[in-house]
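Take a look at the letters that make up each chain.
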Amino acid sequence: MIPDPLNRQARTVNRRLIQSLFRPYLPTVIAGFIALLGVDGLQLFIPRVIKAAVDDLGHGLAGPASLLHQGAIIAAMGIGVFVCRYGWRRLLLGTSRRIERDIRARLYDAILGLDAPFFHKNSPGEIIALASNDLNAVQMALGMGLVALVDAVVMTLACITFMLAMDPYLTLMAVLPLPFLALATAFLSRRIHYHFNSVQKRFADLSEFGRRSFAAIRLVKATNIAARQVRDFDAVGRGYVDENISLAVVQGLLFPLSVLVAALCLLMVLFFGGRLVISGGISVGSFVAFISYLFMLTWPMMAFGWVVNLFQRGMASLARIMAVIATRPLIVAPAVAVAVVPESEVRIEVRDLRVDAGAGRLLDGVSFTAGRGLLGIVGPTGAGKSVLAAVMARVLPVDDGHYFINDVDVNRLDPGDCRALFALVPQQSLLFADTIHNNIAFARPDAGRDEIEAAAKTAAIHAEIMAMPGGYETIIGERGVSLSGGQKQRLALARALVAGRPVLIIDDGLAAVDTATEQRIVKNLRQTFRSRTCIVISHRLAVLGEADTIIVLEHGRISASGGHEELLAVNSYYARVAAWQNGAEEGRNAP
Amino acid sequence: MRHNFGYFEDDRGAGITEARLWRRIMVYVRPQWRSIVIAIILTQVVVAASLTLPWLVREALDRFITATGITTAVRFAGLERLALVFLVLALIAFIANFFQVVILERSGQEIMHRLRHDIFAHLLGLDLAFYDKNPVGRLVTRLSNDIQNMHEMFTSVIVSLFNDILRMTVILVLLFIMNPLLAAIMLALLPVLVVIIALFSRLARRVFRDIRTAIAGLNAFIQESVNGMNVIRIFAAEGRNRKRFSRLNADFCRRNLRQIGIFAFFMPLIELCATVAVALIIWYGGGRVMRGMMTIGTLAAFLHYIRLFFQPVRELSQKYSIVQSAMASAERLFAILDTVPGITPAGSCTITAPAGAVEFSKVTFAYGDNPPVLQDFSLTIKAGETVAVVGATGSGKTTLINLIERFYQPRTGEIRIDGVNVGDIDPGLLSRYLGLVLQEVILLPATVRENITLGREVDDALLARVVEQAQLLPLLATMPQGLETRVGLGGRVLSVGEEQLLALARALAGDPRIFLLDEATASIDSATEILIERAIANTIADRTAIVVAHRLSTVRHADRILVMDQGKIIESGSHDELMAKGGRYAALIAGDRFCVSAP
């Protein structure tokens, strides 16, 4: 879905977008460009003052007063250049950073609005790359790229105009090598881009290799494979080195090549211009002027290749970002939303639900109802349990007529109101790099400390939190305390409990908790299970001891449902798992 | 391709002095000295050629183009000759420049490759206590960013810095020869420049560090939001997240604007210094020309050279920052190389006929400065015995495995295998006596066969047996290339359960005497769990086995079950014995039975 080539449509969208992004900063940008032109103008003028001073000295026209005057003018213009340079850097580069901020905000807004299918298609890595690498490319193009482009165009146009006015033939000769530079630059910058990407990829491989070895240090030590790891690491490192050298070969060509072409232009003027002077075609003055203009052209010539490359990348990146911003969520509020009627009991009805969530995760005609009490769902991996949980919690879209809450089709309800009925403990307990207090209070920011502690006690994590150095104010995550899988799951459970929502869904959320703790949690939840609509998905039948009904989900279908005894009698999967988990002999020998 | 945005950058400590740091860096540079000298020579060639080109133009102008005294034919011929020299010089400059870039890059890469090798090898040799203190993200940063910083110094600074300093010195000497007084005045500008550059690089370094920290935080926040989108959605936290994001985003932007402000002030300031120098030359030098104390040619030369002098100054400050940051990185890297393992070096004992008896004798152990996990702990496990260890998280179960594997060293007491202290056993042999299966499986990006053998010599008969015992045959049947199928990064994706089976096969392939099993708690469906359990049963038959059980379904058949609580064994016996006793174990089992607990 993230487009690669820059087609015409994307270009139009980009142009319109750039216009809208620049609009708030238009006066700033105009002022910035005026400052930039000021630098160019003053810089063209300073050499003339120097020339005048030297000429005066040569002709004996200079006096102490005139020298002081000329020195003062140069210094004053130097200060003028300083002010103008300061100005355009702040105004133009500053604007590019502000626009970067605005785009990032719009991108984040867009991401917040999108739903699950988008995140299945685009990995977190890809989205992060949009917000970092791609946005960086856009900022570079809009900042330094734009400045260099304007500067190069102005300088080139000025120089070429002056040269044309002096002698069209010599101008033609002087610019003859330029198309060659343009072609070579276009070719080489593509190669550079290619090699640059593979260097980046090798670098990522190298880091990933290191990461995996360090993360698995116990295995490395236990199997004594350190020597082999080092050998493999060296091989990956060698690949990185080689790729860097390939890049250096192309890069080593590009820059000297533009210097060479600039020298060739000079050579053309030296040879043909020199002949013209000798044969009386042009004056010596024009010849010298030609050469000084060519010197001035050297920098823009070197910059052009770089700028074009910068712009191409920036615009391609902007198109990718734009595609995400333009994506619309699949779950949208209906034009006229039916208000969710607060009732003491939330009844859920799933009717012939069919979902294809991609990657073979699907539901194929699932129907059931759930009200106050505990509904258990069991089934093998890949049976569609998590998809079902996501649909129920209103994060996966559903067609009309398949999912009802208190007898109202969910598509007629506002999705936000609908989600507000549910508390979810997801399979991967996703916590945030924040304090423990804030992680639990994430579900309800106004929850008091007593409520949070109560939830933590129910989730059997309170004692462990208190044992941490900062208690509830301990920061967790990359920069703070790292938690075990079981601790994370229990925090996620506490978070769901503190929300106080009428429906609780636990999607295999206790798998990493040890048996003894799990038992305590199930006991603590007994009251919750009785007073709310609870749906618990688990591999562990012991967790479902309180369930009024248990559904067995296999291959996206309900293969059986009912109470424990009933299922033991009618469902072979259930019986097998139950027997095995109870440690009965027949379970051990079952297939 | 996953990125780690946990950005780690600490300030320089006062550990190693600058001189010692350079000496250690030079150890790595020395093998490449020939290439570096060639690169420096090539750079001189480039500079010389590019300085000669304008001189050639002047020659052509003076000797042929404006020389009206000689015939037109001679003027044409002379011009042609000079044009040819010009062309040759331009080509020489091009070629020299190209080779200089490539040679320098290659030697820089070779230096970094060696350093990276040393760091990685040294890190793998450090003990687990070191890894507990240093998060993986930080170590990866050392290996990637810190080495990258040093590489940047090598390629973009060292040689050009050498050239810049050389060029500036030569220019200053030339100025002094031409006119000492005016040169002295120019020299007076130097301290001003040094102060400006020092101040600039300090500010720039600080602001860049702020920016890097901010972008790391910002990206981490986006990543968190993307991963946790369902949670955010369910708990209606969009608004709060947007607010937090907007704060981080604005903060990042503000720091960038500050950087722009600093650069916007200092970069033109250096230019201003150059312009002021020009103005001074015009005013003061012009006066001396008027009084006949200096020629116009000298004045023109002064103006020309002062421009050449200021060219490198502009970049000097940036280069100074690069050197600073590279030195900070170097210090962090050498600090790693200086870290000695906290475990006494292993001995070289062998056990002639390993039977597999394990003994803990009065062991006291703590992780770092934490309170002890084990205190005066003793335990004897007979050869061939299967022992299951149960207990709550943090009761010390996994610690037993850590100590047998010698990941850590006990404070007091000994762990013995067949009567020999594990610290005295040759590490290569120890790893062969022990077969460890961890909760988390690491797959190498290689074939199934390589993942099982791990480079050890495993004959085909053993491999076939291992694959069968580990219940891998059904999985291999689905793979067209069988054992040669690539798995891991870039290969076929395996489920958690399949990875567990592979890990068992891996341990079996070493044909160990003692099996150490840290049972997985990940959510594996029961069908796979049954398969794994059967593989485990095959694995531990006729071997000593220590199973840390998080699930109770696997422990019943153990010869002995240990119930641990706070580093102590509170119950010990067979399943039937412990059930009859009606203690903690019996309570755990009762609770785990389905539909029995509801009172």
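Above this text you will find the structure in question.
This section reports on the structure supplied with the text. (Residues numbered from 1 in each chain as written. Chains lettered and ligands numbered in written order. Predicted model: local features only at pLDDT ≥ 70, side-chain atom pairs only at ≥ 80, totals over all residues. Heavy atoms only, no water.)

1. Some points on the overall build of chain B
Convention followed: Put simply, DSSP marks the helices as runs of H or I at least four residues long and the strands as runs of E at least two long, and each gets a number from the N terminus on. The globule rule is 2.2 Å times the number of residues to the power 0.38, and the radius of gyration it is compared with is taken over C-alpha atoms. Exposed residues in this analysis have more than 50% of their type's maximum accessible area, buried residues have under 20%, and partly exposed residues fall in between, with area computed by a 1.4 Å probe over protein chains only. The method behind every accessible area is Shrake-Rupley, applied with a 1.4 Å probe, and residues are considered shielded solely by the protein chains displayed. Neither His nor the chain ends is counted toward charge; the positive residues are Lys and Arg and the negative residues Asp and Glu. The atom standing in for a charge is NZ when the residue is Lys, CZ when it is Arg, CG when it is Asp and CD when it is Glu.
Along its length, chain B carries 18 helices and 12 strands. The globule rule puts the C-alpha radius of gyration for 599 residues at 25 Å, and the 36 Å found for chain B is more than 25% above it. Sorting the 599 residues of chain B into buried and exposed places 54% on the buried side. Carbon and sulfur atoms form 59% of the exposed surface of chain B, whose accessible area is close to 25900 Å². Side chains of chain B give 61 positive and 54 negative charges; the mean places of these two sets differ by 11 Å.

2. A word on the overall build of chain A
The condition that has to hold: Contacts: residue pairs with any heavy atoms within 4.5 Å of one another.
In terms of helices and strands, chain A carries 21 helices and 10 strands. The C-alpha atoms of chain A give 35 Å as radius of gyration, which overshoots the globular expectation for 591 residues (25 Å, by more than 25%). Dimensions of chain A, computed from C-alpha atoms along their principal axes, come out at roughly 115 × 60 × 50 Å. Considering chain A as a whole, with its 591 residues, one finds that 55% of them fall into the buried category. Looking at chain A alone, contacts between residues at least 24 apart form 76% of all its contacts between residues at least 6 apart. Surface accessibility of chain A: about 24800 Å² in total, with carbon and sulfur atoms responsible for 59%. Charge centroids of chain A, computed over 57 positive and 49 negative side chains, lie 7 Å from each other.

3. Quick notes on the interface of chain B and chain A
The cut-off we apply is this: Accessible surface is computed with a 1.4 Å probe, and the buried area is the amount of it that two parts give up when combined, taken over both parts together. One speaks of a salt bridge when a side-chain nitrogen belonging to Lys or Arg is within 4 Å of a carboxyl oxygen belonging to Asp or Glu. Two N or O atoms count as a polar contact when they lie within 3.5 Å, although within protein this holds only if one can serve as hydrogen donor and the other as acceptor, and sequence-adjacent residues are included solely when both atoms are side-chain atoms. Under the scheme applied here, ten amino acids are nonpolar (Ala, Val, Leu, Ile, Met, Phe, Trp, Tyr, Cys and Pro), four are charged (Asp, Glu, Lys and Arg), and all others, including Gly, are polar.
Between chain B and chain A, the contact holds 153 residues from the first and 159 residues from the second. Between chain B and chain A, a total of about 14200 Å² is buried, with carbon and sulfur atoms accounting for 70% of that surface. Linking chain B with chain A are 6 salt bridges. Summed over the shared surface of chain B and chain A, the number is 17 residue pairs in polar contact (both at pLDDT 80 or more). For the side of chain B that touches chain A, the leading source of residues is helix α8 (residues 238-290) of chain B, giving 31 residues. Grouping the constituent residues of the side of chain B that touches chain A by class yields 86 nonpolar, 39 polar and 28 charged.

4. Structural notes on empty space enclosed by the protein
The rolling of a water-molecule-sized probe over the atoms marks out the regions of remaining empty space. As a reminder of what qualifies: Here a cavity is any set of points on a 1 Å grid over the protein atoms alone where a 1.4 Å probe fits but cannot get out, and a pocket is any open set with protein on both sides within 12 Å along at least 5 of 7 lines; a residue lines the site when it has an atom within 4 Å of a point. Grid points are joined across faces, edges and corners, and a volume is the space filled by probe spheres set on the points.
One pass over the structure, following the stated rule, counts 11 cavities of 30 Å³ or more. When its volume is computed, the second largest cavity comes out at roughly 80 Å³. In terms of lining, the second largest cavity is formed by 13 residues, of which the most central are Thr223(A), Leu434(B), Gly435(B), Arg456(B) and Ala507(B). Residue assignment for the lining of the second largest cavity shows that the elements contributing at least two residues are α11 (427-433), β6 (434-437) and α15 (496-509) of chain B. The residue inventory of the lining of the second largest cavity, partitioned by class, reads 6 nonpolar, 4 polar and 3 charged.

5. A word on unusual backbone geometry
One non-glycine residue, Asp407(A), adopts positive backbone phi at about 70 degrees. Tracing the backbone shows Asp407(A) in the loop between β4 (403-405) and β5 (408-409). In this structure Asp407(A) comes out as exposed when scored by relative accessible area, which is 58%. Of note in the backbone geometry, Arg406(B) takes a positive phi value of approximately 60 degrees without being a glycine. With respect to the helices and strands, Arg406(B) occurs in the loop between α10 (397-404) and β4 (412-417). Its relative accessible area of 16% is what places Arg406(B) among the buried residues.

6. So, the sheet that holds strand β5 (residues 420-421) of chain B
Residues and elements named next belong to chain B. Let me state the cut-off plainly: Any two strands with at least two DSSP bridges between them are considered paired.
Across the sheet, 4 strands lie side by side as β2-β1-β4-β5; this open sheet has antiparallel pairing. Of all strands in the sheet, those bounded by a partner on one side alone are β2 (374-381) and β5. Pairing geometry for β4 and β5, over 2 bridges, is antiparallel. Note that in β5 the partner of Ile417 across the bridge is Val420.

7. Things to note about helix α14 (residues 449-458) of chain A
All names here are of chain A. In plain terms, the rule: What the arc describes is the spread of directions from the helix axis to the C-beta atoms.
Buried within α14 are the following residues: Ile452, Ala455, Ala456 and Thr458. Viewed end-on, α14 has its buried residues packed into an arc of 160 degrees, placing them on one side of the element. Where α14 is buried, its residues meet α13 (436-441), α15 (462-467), α16 (485-499) and α17 (515-524).

8. Focus: the packing of helix α3 (residues 72-125) of chain B against helix α9 (residues 296-338) of chain B
All names here are of chain B. This is how the line gets drawn: Simply put, an axis is a line fit to the C-alpha atoms, just over the touching stretch for a helix, and the angle between two N-to-C directions goes from 0 to 180 degrees. Any angle that is under 35 degrees is reported as roughly parallel, and any over 145 degrees as roughly antiparallel; angles of 65 to 115 degrees are reported as roughly perpendicular and all others as oblique. Two helices cross in a left-handed way if the nearer one is turned anticlockwise from the farther one by less than a right angle. They cross in a right-handed way if the turn is clockwise.
Following both chains from N to C, one finds α3 and α9 inclined at 45 degrees, their axes separated by 9 Å at the closest point. Of the possible angle classes, the one that applies to α3 and α9 is oblique. The element α3 and its partner α9 pack so that their crossing is left-handed. Between α3 and α9, the residues in contact are Leu115, Asp118, Ile119, His122 and Leu123 and Leu333, Ile336 and Leu337, respectively.

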